[in-house]
Each structure stands twice: as structure tokens, then as C-alpha cells.
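Inside the fold
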Amino acid sequence: MSEVVETFYGKHHKYTVVKIPGKLLSSTTYYVNKDGKPHRGSFSSLRAAVEAAKEESNK
């Protein structure tokens, strides 16, 4: 089950950072979605995913 952690608005697009919790032996991963569709990922840390989304929204 994914969870939206952060949302950024660019000039023409909406970027969301999505958290996907890990299963029994896997770790939590983060992805950046652009307008509700997968755009960048997977990131192992929230900080890296948020920085990527901020960078994309400032273009």
C-alpha cells in the first residue's frame, strides 16, 4: 500500500513523493510521480526522493 509523503507543484506539473513500505525482508522505498504517473525512482531515502522532486518542480 503506497502513501503520498510530499507534494510539489511545478509550473505545469504536480510531483508527488510516494512511500512504499518494505515487506518482511525488504526495506522501504520512495518514488517520484509526475502527474500521478511513475517518473523517477526508486530511492532508498526520503531525503533523496524529496530533493529529486524539488529539482524537477523547479525546472
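Structure: above.
All figures in this text were calculated on a predicted structure; none of them were measured in a lab. (Residues numbered from 1 in each chain as written. Predicted model: local features only at pLDDT ≥ 70, side-chain atom pairs only at ≥ 80, totals over all residues. Heavy atoms only, no water.)

So, the pairing of strand β2 (residues 14-20)
In this structure, strand β1 (residues 3-9) lies alongside β2, joined through 6 bridges in antiparallel fashion. Directly across from Glu 3, in β2, lies its bridge partner Lys 19. Where β1 folds back onto β2 in an antiparallel hairpin, the turn is made up of 4 residues. Pairing of β2 with strand β3 (residues 29-34) involves 6 bridges; the strand directions are antiparallel. Pairing of Val 18 across the sheet is with Tyr 31, part of β3. (Pairing = 2+ DSSP bridges. Helix = DSSP H or I, 4+ residues; strand = E, 2+ residues; numbered from the N terminus.)

Things to note about the sheet that holds strand β4 (residues 37-43)
With antiparallel pairing, 4 strands are arranged side by side in an open sheet as β1-β2-β3-β4. Either end of the sheet is taken by a strand with one partner, and the two such strands are β1 and β4. Taken over all neighbouring pairs, the strand axes of this sheet differ in orientation by 25 degrees on average, direction set aside. (Axes fitted to C-alpha atoms, helices over the stretch in contact; angles between N-to-C directions.)

Re the nonpolar core
In terms of nonpolar packing, the biggest core is built from 10 residues, these being Phe 8, Tyr 15, Val 17, Tyr 30, Val 32, Phe 43, Ala 49, Val 50, Ala 52 and Ala 53. No other element matches the 4 residues that helix α1 (residues 46-57) contributes to this core. Filtering out sequence-adjacent residues up to four positions away, Val 32 remains in contact with Tyr 15, Thr 16, Pro 38, His 39, Arg 40, Phe 43, Ala 49, Ala 52 and Ala 53. (Core = buried A, V, L, I, M, F, W, Y, C linked by side-chain atoms within 4.5 Å. Buried < 20%, exposed > 50% of the residue type's maximum accessible area, 1.4 Å probe, protein only. Contact = heavy atoms within 4.5 Å.)

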